[in-house]
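A closer look at the structure
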Amino acid sequence: MNTPNVYLRVNRVAAELCSQARDVTVADLHESTASLGFPGLMSPRMRRVTPGKIAGPAVTALCQPGDNLMMHRALRLAQPGDVLVVVCQSETSAAQWGDVATRYAVQKGLAGVVVQGSVRDIDVVAGLGFPVWATKVWPIHAEKGKGGAVNLPVTCGDVLVNPGDLVVADGDGVVVVARRNAEAVVNAAKAKMRREDEIAAAMQEGGVLWDLSGAAAAYAKLGLVESDTAFDD
């Protein structure tokens, strides 16, 4: 029996968790994955190209150089709320994403797209209000005729992405949380944001960030010598 290149179904992270993840930041989610040993933060090369914030289950596509056929297959299979994660084996060989794909994605209700590779038609895509993250912006036309993979694990932005994993992206970048860890990580991130809200409220009441952040206690442990003079007195 031949090994499948395309899987039609995805075991997705729960929709409720995706909804909760939209209320926390990539930074807080990333910090909350530290105890799990799961390096979910994508490379800083992966940047937001059009405005927006997204959180949803991954649908993956692996495309060959100069071709985006597998992206189109993944786009056809994606469901409302999904995040399309596309990897091209040669990032500047052709644009994986553009205005036509965006119009269809908006019509289907996709959350957004993350591309290791090139995207184009950025002005139009931004006008359509569709969030896009990518490593390159480059308008080269893509052919449709080469194989690849859909809904198999891919490495995108130096991070392993399994179909159905939680993908969250904002202005800081993109973080991926394994489906089995999503509930614990989202809950930890929510708790971290609540602590930060408490610090902000304390500062409104006159509290000093130096003390509230724990910096004062950490500094005191170093035993550094201070002098109430200028260095060149």
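These numbers were taken from a predicted model, which means no experiment stands behind them. (Residues numbered from 1 in each chain as written. Predicted model: local features only at pLDDT ≥ 70, side-chain atom pairs only at ≥ 80, totals over all residues. Heavy atoms only, no water.)

Per the secondary structure count, the chain includes eight helices and 11 strands. Counting the 233 residues in the chain, one finds 43% classified as buried. At a minimum sequence separation of 6, the contacts of the chain that also span at least 24 residues come to 77%. Summing over all exposed atoms, the chain offers an accessible surface of approximately 12200 Å²; the carbon and sulfur share of this is 53%. Taking the 22 positively charged and 25 negatively charged side chains of the chain as two groups, their mean positions are separated by 14 Å. (Helix = DSSP H or I, 4+ residues; strand = E, 2+ residues; numbered from the N terminus. Buried < 20%, exposed > 50% of the residue type's maximum accessible area, 1.4 Å probe, protein only. Contact = heavy atoms within 4.5 Å. Areas by Shrake-Rupley, 256 points an atom, 1.4 Å probe, with all protein chains shown as cover. Lys, Arg positive; Asp, Glu negative; His and termini not counted. Charge placed at Lys NZ, Arg CZ, Asp CG, Glu CD.)

What follows covers the nonpolar core. Met 71, Leu 75, Leu 84, Val 86, Trp 97, Val 113 and Phe 130 are the most contacted members of the largest nonpolar core, which totals 24 residues. Among the secondary structure elements, those contributing two or more residues to this core are strand S2 (54-63), helix H3 (69-77), strand S3 (83-88), helix H4 (99-108), strand S5 (112-119), helix H5 (122-127) and strand S6 (132-137). The element that contributes the greatest number of residues to this core is H3, accounting for five residues. Apart from residues no more than four positions distant in its own chain, Val 113 is found in contact with Ile 54, Leu 84, Val 86, Trp 97, Phe 130, Pro 131, Val 132 and Trp 133. Met 46, Val 83, Ala 111 and Val 161 belong to the second largest nonpolar core, which has 18 residues in total. (Core = buried A, V, L, I, M, F, W, Y, C linked by side-chain atoms within 4.5 Å.)

Once that is clear, we can look at the packing of aromatic side chains. The tally for this structure, following the rule as stated, stands at two aromatic pairs. Summarising the aromatic geometry, the rings of Trp 97 and Phe 130 are spaced 5.8 Å apart at their centres and angled 20° between planes, so their arrangement reads as stacked. With Trp 97 in strand S4 (residues 95-97) and Phe 130 in the loop between H5 and S6, this pair connects stretches of sequence that are 33 residues apart. Residue Trp 97 shares its accessibility class with Phe 130, and that shared class is buried. Geometrically, the ring pair formed by Trp 210 and Tyr 219 is edge-to-face, given 5.4 Å between the ring centres and 65° between the ring planes. (Phe/Tyr/Trp six-rings, centres within 6.5 Å; stacked < 30°, edge-to-face > 60°.)

In this structure, Asp 28 sits in helix H2 (residues 26-32). Engagement of the side chain of Asp 28 in a polar contact is seen with the side chain of Lys 192, the distance being 3.0 Å. Aside from chain neighbours lying at most four places away, what touches Asp 28 is Ala 189, Lys 192, Met 193 and Glu 196. (Polar contact = N/O pair within 3.5 Å; in protein donor to acceptor, adjacent residues only side chain to side chain.)

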